[in-house]
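Reading the structure
Each chain, written out:
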Amino acid sequence: QVQLVESGGGLVQAGGSLRLSCAASGSIRSINVMGWYRQAPGKQRELVATITSGGSTNYADSVKGRVTISRDNVFKNTVYLQMNSLKLEDTAVYYCKFWTGPYDYWGQGTQVTVSS
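Okay, so let's go over this structure. (Residues numbered from 1 in each chain as written. Predicted model: local features only at pLDDT ≥ 70, side-chain atom pairs only at ≥ 80, totals over all residues. Heavy atoms only, no water.)

1. Considerations on the sheet that holds strand E8 (residues 78–83)
Taken in spatial order, the 4 strands line up as E1-E3-E8-E7 in an open sheet, and their pairing is antiparallel. Whereas interior strands pair on both sides, the edge strands pair on one side only; in this sheet they are strand E1 (3–7) and strand E7 (67–71). Direction aside, neighbouring strands of the sheet carry axes that sit 15 degrees apart on average. Direction of pairing for E7 relative to E8: antiparallel, over a ladder of 5 bridges. Bridged to serine 70 within E8 is tyrosine 80. (Pairing = 2+ DSSP bridges. Helix = DSSP H or I, 4+ residues; strand = E, 2+ residues; numbered from the N terminus. Axes fitted to C-alpha atoms, helices over the stretch in contact; angles between N-to-C directions.)

Right, here's the structure in full:
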């Protein structure tokens, strides 16, 4: 059974940085896209960033220039989200998601809290 396990969330002051990681346990073949979503209290889940198997990236306008998504070059089933210049509005639960041919997989979420 495949599970996505996120780590790296926490409490950080505004302007600070965090690096989130998401690793798949179990074997996944043909990951087409890896991505990160977030959900703030009382808001809908929104897409933050994606990276394709070919390395193409896409970012939400709200995080462009502050966030970088990347894949591990050795552990192909691991994706990172480097977040810099964090703002109060970045506070949310962050979820990773892997898109494969037949299935999509979600992580359990990791809390990111940005304080003033």
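2. Some thoughts on the state of the cysteines
Counted by the stated rule, this structure contains 1 disulfide. Linked covalently through their sulfurs, cysteine 22 and cysteine 96 form a disulfide whose S-S length is 2.0 Å. Since a negative S-S torsion denotes a left-handed disulfide, the cysteine 22-cysteine 96 link at about 55 degrees is right-handed. Taken together, the positions of cysteine 22 in strand E3 (residues 18–25) and cysteine 96 in strand E9 (residues 92–100) put the pair 74 residues apart, joining distant regions of the chain. Comparing cysteine 22 with cysteine 96, the two get one shared label, buried. (Disulfide = S-S within 2.5 Å. Buried < 20%, exposed > 50% of the residue type's maximum accessible area, 1.4 Å probe, protein only.)

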